[in-house]
Amino acid sequence: MGVNSLVRETIKIEGMACNHCVMRVGRAIASVKGVTEVDVNLEKKEAVVDFEGDKTDLGEIKAVVREAGYEPA
Ligand SMILES: [Cu+2]
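A quick note: this is a predicted structure, and the numbers were derived from the prediction, not measured.

Here is what the cut-offs are and how they apply
- Residues numbered from 1 in each chain as written.
- Predicted model: local features only at pLDDT ≥ 70, side-chain atom pairs only at ≥ 80, totals over all residues.
- Heavy atoms only, no water.
- Helix = DSSP H or I, 4+ residues; strand = E, 2+ residues; numbered from the N terminus.
- Rg over C-alpha atoms; globule rule 2.2 N^0.38 Å.
- Buried < 20%, exposed > 50% of the residue type's maximum accessible area, 1.4 Å probe, protein only.
- Contact = heavy atoms within 4.5 Å.
- Areas by Shrake-Rupley, 256 points an atom, 1.4 Å probe, with all protein chains shown as cover.
- Pairing = 2+ DSSP bridges.
- Axes fitted to C-alpha atoms, helices over the stretch in contact; angles between N-to-C directions.

A.B. asks: Looking at this structure, how should I read the overall build of the protein?
C.D. replies: If you tally the helices and strands in the protein, you get two helices and four strands. The order of α-helices and β-strands along the protein, N terminus first, is β-α-β-β-α-β. Its C-alpha atoms give the protein a radius of gyration of 11 Å, within 12% of the compact-globule value 11 Å for 73 residues. For the protein, the C-alpha atoms occupy an extent of roughly 35 × 20 × 20 Å along the three principal directions. Relative to its 73 residues, the protein shows a buried fraction of 37%. For the protein, contacts bridging at least 24 residues in sequence account for 61% of all contacts bridging at least 6. Accessible area for the protein stands at about 4,500 Å²; split by element, carbon and sulfur atoms hold 48% of it.

A.B. asks: Would you take a moment to explain the sheet that holds strand β3 (residues 46-52) for this structure?
C.D. replies: With respect to topology, four strands assemble into an open sheet ordered β2-β3-β1-β4, the strand pairing being antiparallel. The open sheet is flanked by β2 (35-41) and β4 (71-72), the only strands paired with a single partner. The pairing of strand β1 (residues 6-14) with β4 spans two bridges and is classified as antiparallel. Each residue of the ladder has a partner; that of I13, found in β4, is P72. Each of β1, β2 and β3 is contacted by helix α1 (residues 19-30), which is oriented at about 165° to β2, the strand it contacts most.

Right, here's the structure in full:
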């Protein structure tokens, strides 16, 4: 596992209204295998996610956000 496979992506997320939403989104993203770091920002309506590119991908991360009840762009 080299550091070269670590990817940082910013995902725009609609539907977050409060810190409860931020926590739900953060937990959902953190539960994805391969995600090493997640920072959800309510004001910017986005999540910055670090993940191992050989273990997961943007599609899978967006899917859990959607399952949690929010709309990733
Ligand atoms: Cu909320």
